[in-house]
Amino acid sequence: MQHRTRTSPQRLARTSIALAVLTLAGQAAAQQAEPAIQKVEVTGSTIKRVASEMALPVTTVKADEFANAALTTVADVVTAMPVASTNVPSAAGAGTNMNMRGIGINRTLVLLNGRRMVNEPLSNGFVNVDMIPMSALSRVEVLRDGASSTYGTDAIGGVVNFITKRTYKGLNVTAQGVVPEASGGGREHRLSILGGIGDLETDGWNIYATVDTHKRSALAANDRPELTSPERLAALGIAPRATTGSYAQPANVFSPSTGITGNPYYATGCTPPYSTPALRNTCIQNANYYVLALPGNSQTTFFTKGSLKLSEEHLLTAELLYAKEHITTQRPSTSTVGFNGAVAQITPASRYYPGGSGGVPAIAGLNGSTLNVSWSVAELGPAIARDQQQATRLVVADEGRLGKWDYRLGFIYGAGERDSWFRQGYLNGLKLQAGVRNGILNPFGTQDAAGLAYLKEISADGGQIRHTTNLYSGVDLTVTRELMQLSGGALTLATGAEFHHDGNKDRALPGVIDVPYQNRLPSYASGSRNISALFVETELPVTSELSFNVAARADSYSDFGNTVNPKASFRYQPAKNLMLRGSASTGFRAPTLFDRYGYRLPGATALTTSRWDDPLLCPGTVGLAGSGKAVAGANPLIVCNAQLPVQQGSNPDVLPEKSRSLTLGVVIEPMRNMMLSLDYYDIRFRNSIGQLPQNAIFTNTAKYADLFVRNADGSLAYVKNTVMNLGDLRTNGVDVGFSYGFPRQPAGDFKIGLDGTYVNQFENQNEKGGAWISNLGRFGSVGSGNVSASPTYTFRWKHTLRMSWARGDWFSQLTQNYNTGYHDLNNVLPQYFRDIKPYSVWNLTGSYKGFKHITLTAGVSNLFDTEPPVTNSNATAYANNIASPIGRAFNARMSYEF
């Protein structure tokens, strides 16, 4: 990611376009009176212009920089951007998303060659960028100024345009591998084949195609045991033995008649490695024995593009993309948790009753009554599911010139599909409970032949969990022409229209009600909307130093009516080494189809992402799980330090968000070959859409008491956590860009570059008119429209620093990715409160092009083997949401082109 350095007015002007709105790949050069001056169409602006005329803040990453920075996938590319708080392929199976400014993945507009892509089907709110063909990319351009009047005012956080090669002729085969130094998973392999024929300029046509495959093996938490050692957990105040156990192997029991809790194997160590001793004579599941530090995933993408010159002024193009991704998710073993609070029980008639004939040790004080059992079926191993996404996208476009008008006409069709299946370790929960009650299953140890046969009989493996589809189709037309000459150039007008349809269907299949971890009814939901839009834009070059751009967009939503949003920007260059720029715009974002039309079920649909105490049935220190004590008659195994039932889903009353964005920047050349840019941004929006963070609910239980829905007997039915309109959100800061090319030396060419973001303010309201909550430099309680209700984080400063050397066929680059520290979540006892230190990772790469047709690249990621930050925010004890647990890894890449 770098901004180009210039030493003359022309070069500074080119720097402006490198910092401007995203350039649309594949645009034909407009025919000019002077052939040496070439006009291009700029994404975010429909007016063709001399490239030096526009200047708005953009970060650009070129294809050759992917290899220079040891980037293997599109996920690597986007997570390295300082402007983004981006999630890598997750245990939820959603893939990789863009979250610019940290304000939510639903507020970043992702384009491929200047047009929208079909969204990830389940949430219908973001694009899974894993589906983008990396081997076909020419560059990635990130517009850090939001609310584009041309492509949509829902781009509150900004716009990301993935631009493929305009044409390609020849053949390229690239193989790449990543091998962690430590043993275990996390290995990556990538292979791509790119080929094309025809020359667009001489033959009048070109067609190319690429197939790109990538696979990463799963990294188990056990592969990095030093990150979750008992000593580290104890030092953080989250040691398992500091709380009461819930579901475990061997099972914990609760006697409703005596109030006794315990585990028959507590005295002998709770059968490691499945469980470890906890408080009140219970065992607690060793979750790190089962969970994945990184899920396994694989992608295959196919992309082809054909271009045909109908004449010197007319170009016809067609693009086809097909992509498929598999993500393997993994959880601790299936447990006896039941739908809507059903509890597994064991009676004295079972030979496995503690103290009975089956050899299970007795528990003192039991009176022979029926016991509630909290069991995790560890001998089946982890519960593994498989998630598959696939996307198809077809674009046909015609562009050219008719008279004095330039035009661009396009049709787009996109379809997405997501399916998930039970793969291993899932059981029918109702039959599992029955097997315990009737004595077939032993919840305290390994099964005999009859028990194993019964588990096999009630297996849910191979069954489908969910099927979701998305459909996106549309047509767009833009026309532009010069109207008159001003002292600074041509006053140019652009106008256009578009129409698109967005549809979604989501079905949770009937088997889910019987399977633990689903805890929900079968459901079906569908929604669709049509959006029509008109937009107009004018370029006003008042003088050679000062120009303005004014645009407006009118959208008509079939379900929300009409909205009009303007945008204005300026560029002022009073001297050859100084340029000022700025913009102002308003935005409008409708709820996603899932937000408005997704499933709505009457009961619980999931479990909390973290363990909590029921504030009524296990009162204790608010926000500190495991500190409570169960009230008389309540089962502490399911009301204390437990994942509690929640109700998630859509909201038919959710309303759109409205925003306003401001930017103001300066670009200067203080000396030869040096460039510095500073761009201030300020974003505010109202009626933010999202889930109230669970951390906010459980640390303010009195305030949100109405969200705790209870059954007639007082037990917790669920915590209501559906989509809603929260309060307002505001954030501002400064993007910094710097580059310097040192004077040429006999030893080679040396360059340095930095892209960083300083956040001055980031705060929101969890309800309209509520208190402002800062999320800056701390784990906060910000509901920012993400797919998770887990706490979010915002760094005060984040940067990417590059230092490179080149000489002849040799090239080397040292890259640093850095972010400042922050206050930890600290939902622990006060003596364990802590701050997380700044985090810095260095990558080193080198390449050689001296062999004919071959480029060799090798490098080391995480050069100094820096561990991810230690945190008390989750049971893994390391910050798996902001850093990789892989450690030092070696990568090699060979590309053969002819």
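Everything below is about the structure shown above.
Read on for an overview of the structure. (Residues numbered from 1 in each chain as written. Predicted model: local features only at pLDDT ≥ 70, side-chain atom pairs only at ≥ 80, totals over all residues. Heavy atoms only, no water.)

Some thoughts on the pattern of salt bridges
Turning to step 1, where the next piece is worked out: Under the criterion given, the structure shown has 34 salt bridges.
Turning to step 2, where the next piece is worked out: Taking the shortest distance from any N to any O, the salt bridge between Arg 107 and Glu 657 comes out at 2.4 Å. Of this pair, Arg 107 sits in the loop between helix H3 (74–79) and strand S4 (108–112) while Glu 657 is found in strand S31 (residues 657–668), placing the two residues 550 residues apart along the sequence.
Turning to step 3, where the next piece is worked out: The residue Glu 498 makes a salt bridge to Arg 553 at a minimum N-O spacing of 3.3 Å. Here Glu 498 is found in strand S24 (residues 489–508), whereas its partner Arg 553 is found in strand S26 (residues 546–557), with 55 residues between them in sequence. The residues Glu 498 and Arg 553 share a single accessibility class, namely buried.
Turning to step 4, where the next piece is worked out: Here the salt bridges share partners, and the residues they tie into one network are Arg 101, Arg 144, Arg 581, Asp 679 and Asp 735. (Salt bridge = Lys/Arg side-chain N within 4 Å of Asp/Glu carboxyl O. Helix = DSSP H or I, 4+ residues; strand = E, 2+ residues; numbered from the N terminus. Buried < 20%, exposed > 50% of the residue type's maximum accessible area, 1.4 Å probe, protein only.)

Focus on unusual backbone geometry
Turning to step 1, where the next piece is worked out: Cis geometry is found at the peptide bond from Gln 249 to Pro 250, where omega equals 5°.
Turning to step 2, where the next piece is worked out: Following the sequence through the fold, Pro 250 ends up in the loop between helix H4 (230–236) and strand S12 (252–254).
Turning to step 3, where the next piece is worked out: Across the junction of Pro 272 and Pro 273, the peptide omega takes the value 5°, indicating a cis bond.
Turning to step 4, where the next piece is worked out: Its location among the elements puts Pro 273 in the loop between strand S13 (261–262) and strand S14 (275–277).
Turning to step 5, where the next piece is worked out: Even without being a glycine, Arg 101 presents a positive backbone phi close to 65°.
Turning to step 6, where the next piece is worked out: In this fold, Arg 101 is placed in the loop between H3 and S4.
Turning to step 7, where the next piece is worked out: For Arg 101, a relative accessible area of 7% corresponds to the buried category.

Quick look at the sheet that holds S13
Turning to step 1, where the next piece is worked out: The strand order across the open sheet formed by 4 strands is S13-S12-S20-S19, and the pairing between neighbours is antiparallel. Each edge of the sheet is formed by a strand with only one pairing partner; in this case those strands are S13 and strand S19 (344–346).
Turning to step 2, where the next piece is worked out: Relative to strand S20 (residues 371–374), S19 runs antiparallel, the two sharing 3 bridges. Across the sheet, Ile 346 pairs through a bridge with Leu 371, a residue of S20. (Pairing = 2+ DSSP bridges.)

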